[in-house]
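A structural walkthrough
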Amino acid sequence: MLNTVRVGLRCDAGPRRGVGHLVRSLALGEEFLARGARVEMFGSVEAVGWAAAQLTARGVPLHPGPWPPAELVETA
């Protein structure tokens, strides 16, 4: 039995931060999805409805993203 590759992307987006990093991360995530991987986003998408909708439309769940790298590794 083959295991599905799991990919976690870390990104925050919002009106003050911008959405460029989210758009680039989502493009990378789409490529992983096309190759059969399971993709999950860690972070926050605040007050930018269309950006959150992009994740939902692609079936990419959004989880709170801990900041310290050690906590992110533990969460992943």
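These figures come from a predicted structure and were not determined experimentally. (Residues numbered from 1 in each chain as written. Predicted model: local features only at pLDDT ≥ 70, side-chain atom pairs only at ≥ 80, totals over all residues. Heavy atoms only, no water.)

In this section: the overall build of the protein chain. Within the protein chain one finds 3 helices and 3 strands. Listing every helix and strand of the protein chain by position from the N terminus yields β-α-β-α-β-α. Considered along the principal axes of its C-alpha atoms, the protein chain spans approximately 45 × 30 × 15 Å. The buried share among the 76 residues of the protein chain stands at 30%. Relative to all contacts within the protein chain whose residues are 6 or more apart in sequence, the contacts with residues 24 or more apart total 57%. For the protein chain, the accessible area works out to roughly 5200 Å², and carbon and sulfur atoms hold 58% of it. Averaging the positions of the 8 positive and the 7 negative side-chain charges in the protein chain gives two centres separated by 4 Å. (Helix = DSSP H or I, 4+ residues; strand = E, 2+ residues; numbered from the N terminus. Buried < 20%, exposed > 50% of the residue type's maximum accessible area, 1.4 Å probe, protein only. Contact = heavy atoms within 4.5 Å. Areas by Shrake-Rupley, 256 points an atom, 1.4 Å probe, with all protein chains shown as cover. Lys, Arg positive; Asp, Glu negative; His and termini not counted. Charge placed at Lys NZ, Arg CZ, Asp CG, Glu CD.)

So, about the pattern of salt bridges. Across all of its chains, the model carries 6 salt bridges by this definition. Two residues, Glu-30 and Arg-58, come together in a salt bridge whose shortest N-O distance is 2.5 Å. Taken together, the residues span a long stretch of sequence, with Glu-30 in helix α1 (residues 20-34) and Arg-58 in helix α2 (residues 49-58) at a distance of 28 residues. By relative accessible area, which is 34% here, Glu-30 ends up partly exposed. Judged by relative accessible area, which is 29%, Arg-58 ranks as partly exposed. Between Glu-40 and Arg-38 there is a salt bridge, with the nearest N and O atoms lying 2.6 Å from each other. (Salt bridge = Lys/Arg side-chain N within 4 Å of Asp/Glu carboxyl O.)

Spatially, β1-β2-β3 is the arrangement adopted by the 3 strands of the open sheet, whose pairing is parallel. Edge positions in the sheet fall to β1 (6-13) and β3 (62-63), since each has one partner strand and no second. Relative to β3, strand β2 (residues 38-45) runs parallel, the two sharing 2 bridges. Bridge pairing in β3 places Phe-42 opposite His-63. The strands touched by α1 within the sheet are β1 and β2, with β1 carrying the most contacts at an inclination of about 165 degrees. (Pairing = 2+ DSSP bridges. Axes fitted to C-alpha atoms, helices over the stretch in contact; angles between N-to-C directions.)

All right, on to the nonpolar core then. Judged by nonpolar contacts, the single largest core of 15 residues is most densely connected at Leu-22, Met-41, Ala-51 and Leu-55. Among the elements of the structure, β1, α1, β2 and α2 are those that each provide at least two residues to this core. The biggest single contributor to this core is β1, with 4 residues. (Core = buried A, V, L, I, M, F, W, Y, C linked by side-chain atoms within 4.5 Å.)

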